[in-house]
Amino acid sequence: MTDTVSESTRQTLGRLYEDPENRLTSLFEIAADEERIGAQLTVFKALANEYRVRILDALRDGEMCACELQVVLDAPQSTVASHLRELKDAGLVKTRRQGKWTYYRIGDTAVLQLLDIADALTATADE
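Everything quoted here is computed from the prediction, not taken from an experiment.

Reading the values: rules and limits
- Residues numbered from 1 in each chain as written.
- Predicted model: local features only at pLDDT ≥ 70, side-chain atom pairs only at ≥ 80, totals over all residues.
- Heavy atoms only, no water.
- Pairing = 2+ DSSP bridges.
- Helix = DSSP H or I, 4+ residues; strand = E, 2+ residues; numbered from the N terminus.
- Salt bridge = Lys/Arg side-chain N within 4 Å of Asp/Glu carboxyl O.
- Buried < 20%, exposed > 50% of the residue type's maximum accessible area, 1.4 Å probe, protein only.
- 1 Å grid on protein atoms, 1.4 Å probe; cavity = no way out; pocket = protein on both sides within 12 Å on 5 of 7 lines; lining within 4 Å.
- Points joined across faces, edges and corners; volume = space filled by probe spheres on them.
- Nonpolar A, V, L, I, M, F, W, Y, C, P; charged D, E, K, R; others polar.

Novice: Explain the sheet that holds strand β2 (residues 93-98) to me, and be specific about the residues and the numbers.
Specialist: Overall, antiparallel pairing links the 3 strands, which are arranged β1-β3-β2 in an open sheet. In this open sheet, the two edge strands, each paired with only one partner strand, are β1 (64-65) and β2. Both β2 and strand β3 (residues 101-106) contribute to a ladder of 6 bridges, which runs antiparallel. Bridging from a neighbouring strand, Lys94 pairs with Arg105 of β3.

Novice: Go over the pattern of salt bridges with me, naming the residues and quoting the values.
Specialist: Applying the stated criterion across every chain yields a total of 5 salt bridges. A salt bridge links Arg10 to Glu21; the shortest N-O distance between them is 2.6 Å. Linking Arg10 in helix α1 (residues 7-16) with Glu21 in helix α2 (residues 20-30), this pair joins segments that are 11 residues apart in sequence. A residue is classified by how much of its surface remains accessible, and Arg10, at 19% relative accessible area, is buried. Between Arg60 and Asp116 there is a salt bridge, with the nearest N and O atoms lying 2.8 Å from each other. With Arg60 in the loop between α4 (50-58) and β1 and Asp116 in helix α7 (residues 109-126), this residue pair connects regions lying 56 residues apart in the sequence. Members of the salt-bridge network, linked through shared partners, are Asp57, Arg60 and Asp116.

Novice: Before we move on, could you go through the layout of surface pockets and cite the residues and values that matter?
Specialist: The volume enclosed by the largest pocket comes to roughly 180 Å³. Sorting the residues of the lining of the largest pocket by element identifies α5 (66-73), α6 (77-89), β2 and β3 as the ones contributing at least two each. Tallying contributions element by element places α6 first for the lining of the largest pocket, with 5 residues. Counted by class, the lining of the largest pocket contains 7 nonpolar, 3 polar and 4 charged residues.

In structure tokens, the structure reads:
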């Protein structure tokens, strides 16, 4: 892999480090795992929509059926269903069936932590 590094990058590393080849090797070792990055992208793509963030925020208070989320979002059933499917596919929400109803809930408390981090980052940016 180190053979894919440009000569100018090698020269720069040569000026910065006593052993630039060793540094190159260590940089390739810390490069992100593609599978892990793909999973993270799935989560962030699911969060990159106003309706989906609103759904997650509504589910902070506990599980809800899709019809309740329609009211919260003031959106048609098809819109709510497609966003719930995205959230479920990303692992952000889980479902429970009771008779003909499907109830949705937060899949993991880490989802709420992500939302709280986003709140904290926007509060910090406003200062």
